[in-house]
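# Remarks on the overall topology
Okay, here's what each chain looks like letter by letter:
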Amino acid sequence: MATTNPRLKVHYLNPNGGFKSSKERADFLATTDNKDLDFTVLYWEIASVASTTRDMLALSGVKWRNAPCPSDEEWDGGKIQTAFSVLPMLTIKGPAGQELNLSESMVIDMFLAERFGLMGDNDWEKLAISSFYSNIHFLRERTFTEVQDVPKESKKHARDLFFKYTLQKFIEDHEYHLAHNGNNGHYVGNKMSLADLHLANVIHYYSTLPWGKMALEKFSASEAIWKVKEKVDNHPGLAAWRSSDEFKKYEKGSFKWYLRCTVPGEEVVDASKSKSDAVTKELSVAEA
Ligand SMILES: N[C@@H](CCC(=O)N[C@@H](CS)C(=O)NCC(=O)O)C(=O)O
């Protein structure tokens, strides 16, 4: 079959990495302690789709790093190994040089959350957290398809429809579920889970859009949702990471990247100035 996009592919039974079978891989993961693993995130110089993964790695205290963002030459030249020609990819290394590669942010997030105790206390909680996580994830996915990747002349209409229907429904649905957990700042029980972390990260994604202030006003008008976001944002285990230059670099990268979502007539004149405005806006919304 003709290929449109010659790229280096990595597959799930890759003979590299020191494993002969899928069982060996599973056994390695089951018997190796988190402290003996080394994690590398390969993604772009933005927050977006890898941000929940990075938060979890920072929170858990494991050895981890962000790989340098691929250059245009490397990416366009097909020199970066991926499973589906998109990033993020997570590389997991073991003490004896073993290596595993995982693709797809949802799979990476759920894998890490399970290892780091962020999937609840039993199998039912795990299913509930997975449902919340998936629904939160697809809010951002809908924004990509409904609002971001539409022709310029449709952007305002698409954004306004997104606010009126998609986001409104999301907020109502999530308020319903959060109320059933006592509006305590968590989706499930009384502790932070992958669902809480993803909600905070998806809200952070909206804060990096040119119309982030409008989105944040809608999220912050929901006390229950904002409480979850604030609990995550104020978690002491995230403080060092969130205040690091690296985190800020990705946040700034997102802001630049998502200038493509600008609604004509609402143009942002100075991107660097607007970045700090966006943060100020988020803070002022949070304080209101
Ligand atoms: N389903 C994938 C989607 C990842 C994705 O769309 N990645 C984009 C950046 S956010 C990408 O790498 N695009 C590169 C390209 O299309 O060349 C996931 O959730 O991991």
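Residues numbered from 1 in each chain as written. Predicted model: local features only at pLDDT ≥ 70, side-chain atom pairs only at ≥ 80, totals over all residues.

The next thing to look at is the site of the ligand. Around the ligand sit W44, S48, V49, V86, L87, P88, E104, S105 and M106, and those are all the residues in its vicinity. Tallied by class, the residues present in the shell around the ligand amount to six nonpolar, two polar and one charged. (Near = placed C-beta within 6 Å. Nonpolar A, V, L, I, M, F, W, Y, C, P; charged D, E, K, R; others polar.)

Inspection of the secondary structure assignment puts E141 in helix α5 (residues 123-148). Along the sequence, E141 and V49 sit 92 residues apart, while their C-alpha atoms lie 9.7 Å from each other. (Helix = DSSP H or I, 4+ residues; strand = E, 2+ residues; numbered from the N terminus.)

Grouped together as the largest cluster of nonpolar side chains are 56 residues, with contacts concentrated most on I129, L194, A195 and L199. Looking at this core element by element, the count peaks at nine residues for helix α7 (residues 194-207). Structurally, this core is a two-domain feature, drawing no fewer than three residues from each of domain 1 (22-115) and domain 2 (123-287). Residues within four places of A195 in sequence aside, it is in contact with I129, F132, Y133, I136, Y187 and V188. (Core = buried A, V, L, I, M, F, W, Y, C linked by C-beta atoms within 7 Å. Buried ≥ 20, exposed ≤ 12 C-beta atoms within 10 Å, placed from the backbone. Domains from an automatic or database assignment. Contact = placed C-beta atoms within 7 Å.)

Attention now goes to the environment of R260. Note on placement: R260 falls in the loop between α11 (245-257) and α12 (271-287). Along the chain, R260 and Q148 lie 112 residues apart, while their C-alpha atoms are 7.2 Å from each other.

Where strand β1 (residues 38-42) lies against strand β2 (residues 63-66), four bridges are found, and the strand directions are parallel. Bridge pairing in β2 places T40 opposite R65. Considered for its hand, the β-α-β crossover made up of β1, helix α2 (residues 51-60) and β2 is right-handed. (Pairing = 2+ DSSP bridges. Right-handed = clockwise from strand over helix to strand, strands pointing away.)

Quick look at the sheet that holds β1 now. Pairing is mixed in the open sheet, where four strands are placed in the order β2-β1-β3-β4. Each edge of the open sheet carries a strand with a single partner, namely β2 and β4 (99-103). Across the sheet, the mean angle from the axis of one strand to that of its neighbour is 20°, orientation sign disregarded. Relative to β4, strand β3 (residues 89-93) runs antiparallel, the two sharing five bridges. What sits directly across from L90, in β4, is L102. (Axes fitted to C-alpha atoms, helices over the stretch in contact; angles between N-to-C directions.)

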